[in-house]
Every structure is written in structure tokens, then in C-alpha cells.
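Below, each chain spelled out in residue letters.
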Amino acid sequence: MSAIESDKIFPLLQELCALPGPTGQEEAVREWLRRRWAPRAAEWHEDAVGNLLCRIGGSGPRLLIQAHMDEIGFVVRYITSNGFLLLDTAQGPRRQSPDRRYMVGQVAQVVGRHGVVAEGVFGAATGHVLTPQQIDKAHIDYDDFFVDIGARSRAEAEQRGVHVGAGVIWSWPARRFGTRIAGKAMDDRALLAVMDLLLDELDPQALQYELWFAATIQEENGLHGARALAHQHRFDAMLALDVGLVGDVPTVQEKEYDARLGGGPTLVHKDSGVHYDKRLLWRLADTARAADVPFQHGVYANYGSDAIVFIDHGTPAVLVGVPCRYTHTAFEMIEESDIVATVALLKVFVTTPA
Ligand SMILES: [Zn+2]
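No experiment lies behind these values; they were computed from the predicted model shown.

A. Structural view of the sheet that holds strand β12 (residues 210-216). Pairing in this open sheet of eight strands is mixed, and the strands run β1-β2-β12-β3-β13-β16-β14-β15 from one edge to the other. Edge positions in the sheet fall to β1 (43-46) and β15 (296-299), since each has one partner strand and no second. Put simply, the sheet's adjacent strands are angled 25° from each other on average, direction ignored. Here strand β14 (residues 266-270) runs beside β15; their pairing, made up of four bridges, is parallel. Its bridge partner being in β15, L267 is matched across the sheet by H297.

B. The sheet that holds strand β8 (residues 146-148), seen in detail. In space, the six strands of this closed barrel follow the order β4-β5-β8-β7-β6-β9, with antiparallel pairing throughout. Put simply, the sheet's adjacent strands are angled 45° from each other on average, direction ignored. Where strand β4 (residues 74-79) and strand β9 (residues 167-171) come together, two bridges link them in antiparallel fashion. The residue bridging F74 from the neighbouring strand is V168, located in β9.

C. Just the packing of aromatic side chains, in detail. This model, assessed by the stated rule, comprises 14 aromatic pairs. Where F74 meets Y142, the ring centres are 6.2 Å apart and the plane angle is 65°; that geometry is what we call edge-to-face. A residue pair is termed long-range when its members are at least 10 positions apart, and F74 in strand β4 and Y142 in the loop between α3 (132-136) and β8 qualify at 68 residues. With relative accessibility at 3%, the residue Y142 sits in the buried group. Three or more aromatic residues link up through ring pairs in this structure, and these residues are F74, F122, Y142, F145 and W170. A cation over an aromatic ring shows up here: R154 above the ring of Y78, its NZ or CZ 5.6 Å from the ring centre. Looking at R175, its charged tip hangs above the ring of W172, at a distance of 4.5 Å from the centre.

D. Spotlight on helix α6 (residues 224-232). Those residues of α6 that sit buried are G225, A226, A228, L229 and A230. Contacts made by the buried residues of α6 are with β2 (52-57), β12 and α8 (307-312).

E. Layout of the nonpolar core. The biggest cluster of nonpolar side chains holds 88 residues, and the ones touching the most others in it are I65, L192, F213 and F310. Sort the elements by how many residues they give to this core and helix α5 (residues 186-201) lands first, with 10 residues. Sequence-distant contacts of I65, that is, excluding residues within four places in its chain, are made with M195, L198, L211, W212, F213, A214, L239, L241, L346 and V350. Membership of the second largest hydrophobic core comes to 22 residues, among which are F74, L87, V147 and W170.

F. Fine view of the coordination of the zinc ion. Summarising the metal site, the zinc ion is bound by the protein donors H68 (NE2), D187 (OD), D242 (OD) and D242 (OD), whose distances to it range over 1.9 to 2.6 Å. The site at the zinc ion holds four donor atoms, and with the angles between them running 53 to 146°, its shape is irregular. Mapping the donors of the zinc ion onto the primary sequence gives the spacing H-x118-D-x54-D. Of the two residues, H68 is situated in strand β3 (residues 62-68) and D242 in strand β13 (residues 237-244); the sequence distance between them amounts to 174 residues. Using a relative accessible area of 1% as the deciding quantity, one classes H68 as buried. Looking at D242, the relative accessible area reads 4%, which means it is buried.

Reading the values: rules and limits
- Residues numbered from 1 in each chain as written.
- Predicted model: local features only at pLDDT ≥ 70, side-chain atom pairs only at ≥ 80, totals over all residues.
- Heavy atoms only, no water.
- Pairing = 2+ DSSP bridges.
- Helix = DSSP H or I, 4+ residues; strand = E, 2+ residues; numbered from the N terminus.
- Axes fitted to C-alpha atoms, helices over the stretch in contact; angles between N-to-C directions.
- Phe/Tyr/Trp six-rings, centres within 6.5 Å; stacked < 30°, edge-to-face > 60°.
- Buried < 20%, exposed > 50% of the residue type's maximum accessible area, 1.4 Å probe, protein only.
- Lys NZ or Arg CZ within 6 Å of the ring centre and 35° of its normal.
- Contact = heavy atoms within 4.5 Å.
- Core = buried A, V, L, I, M, F, W, Y, C linked by side-chain atoms within 4.5 Å.
- Donors = N, O, S within 2.8 Å, 3.2 Å for Na, K, Ca; no water.
- Tetrahedral: all angles 85-135°; square planar, octahedral: opposite > 155°, others 65-115°.

Note that all results are geometric; they support no functional claim without further evidence.
The structure is reproduced here in C-alpha cells:
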């Protein structure tokens, strides 16, 4: 297994995770990737809905490796007369997901028409001013928290560029804890980092495929970017890269999720949406075994990936997960060695004849 210098991984993750990219507002991530990938790709396209697609090089079967640009977040649904921002989810049905338990106390960034327009805090009333009934309430829902950007009025918030429909994300700089790195938007920037590191490692002459990279929009909101891509382009095989689920924390049993940080990339057999392509999955497993790269098997619930829509369009596709604790929070945690192992697996896979 080739070793990527680990001093390269943390700064790369810090930079990628810091980019503001709530679902539907992926511009900053796209610009970053364009700067990084366009000079190293044989060709690149941005499609009409905002997906990035790059042909890296090589010839043979057309293989797509993909990760998504968007991160979990909220939208401003209402600005109160005294300047507080009330929220709704940026993905999925009204007032559901992400889990409201993890927001209060986080720093918030508001993403307006041209990028971040305000910072504030995800606030909630606290014990001194709540009634006993409010304190006893078991769940925090969308009427119990809000964003306080320090504005004194709706007009002041609007002057700063806040508007109904603006994106809201949590903001927490990626931090290193031992060999682990935690931060917001590891889902899916850690996997965009894997693709970026793979580009550094690859010798295009050695490719056994016509290799393409894609970075998609709105994965978190129903795989929309991937749908557009799968509709426009044909590939012979597709690997979706995303964060993987683990059972290695207190309160979750390993018997629920048989994967852990540090165990290597997870080859996912099934999630809530689909059974992934078995032939492709076992080829990845055999490649990993032959190259001595650690890997894990996974079965996920409450989970879907961009690979689903490629299967629906007739392309064999597999989900490769980098193990991640605390998914869909500001403190998503990954292990450096899993990044290294995933890059190593992909490198061997794309340079081994199909
Ligand atoms: Zn994801």
C-alpha cells in the first residue's frame, strides 16, 4: 500500500470542509474543484445544473468515480421582526432531518446569493427562562431553535444579505484528534479529498480505463445531480464515494454496524435504496486483497447514494464508504489511515485490467 504523506491529508481536509456548500448552493466547492482538477484533466465540463465532470485520461471501459459537493444544512424559512432566523431543512420533507439534537451551540454561517453573508449561533432558550414544561420536553424540534446573527431587526438582517431561502450551515473548523480528524462536511468532502489525492498519485499512462471524475450537486436532497449525469452520459462502471457508517461508538453496537474507523474502506452490499452491483463489488474486494489494502463489508439502513441512479440507468455501480462517526453533524469524524487505504484501493483498481 503506497503511503501518502499524512501532513498532506489534514490541510486538504481543512480546506475542503471549510468551503460553504449547502445543498443547492455548491458554487464554492465547484470553483475549488475546477481550480484543482481542470489543469490535471484531459477535459472537463460543468453541466447546466452544476455538476462537474472531468475526463482524467486513459482508454478502455469508461469508469466514473464520483463524490458529491453538497453538505447537510438548512434554509431560512422566516426572519422575525427582531432579526432571528427561523429554519427549515435544506433536504427532504418539511421540518425533518438533520437530527435537531446536534445543532444548538454550533456556529452558523448564512449563505446568501453570493456566498457567506452572516455568521451567528444556532440558539435556543435555556433553563433560566424556560418553563418547567419546556425544560421537560424530550425532543428539540424546528420551533425550539433558531439562528441569532446579532441583528436587531429584520431590516438589519436583510441589509446584510440574509433572505428567505438563504442556506444555513454549521461551521466548525476541521480538527485533528490523534490520527482522527473531525469537522463539518466530511460528508462528502473527505471523498473529494480522496479523489484529489488519487489524481496526485496517478500515472495516466498506467490507466486501464477511460477514467472520469464527477462531483455532483444535491445528493443530500434526492440524488438530483447524479440523476442529471446518468441521464446525459453513459459509463461502463461507476464507483460512488461517500462516508460510511460505523458501529464503533458507545450506544451503537458493532452488531448493528459491522465496520469501524481504521478498518479501511467499506464495500457496501445494500442500503435502503438498492443492492449494489455484486460483480463490481467482488472485483474491488479481490483487488484490495491482492494489494493488501484493508477493507470492510457493509449493509446500511437509512442511507442512499448517487450510485443508485446509475444502476437505475443500467450502469453497474458500487458504493465505497470511508468509515465516519457522527454522520450529518458538525463533528463528523474520520480516520486518516482510511483515506490512505481508499486512495490505495482506487489506484490499484484503475491500473488493473478489467
Ligand atoms: Zn454523502
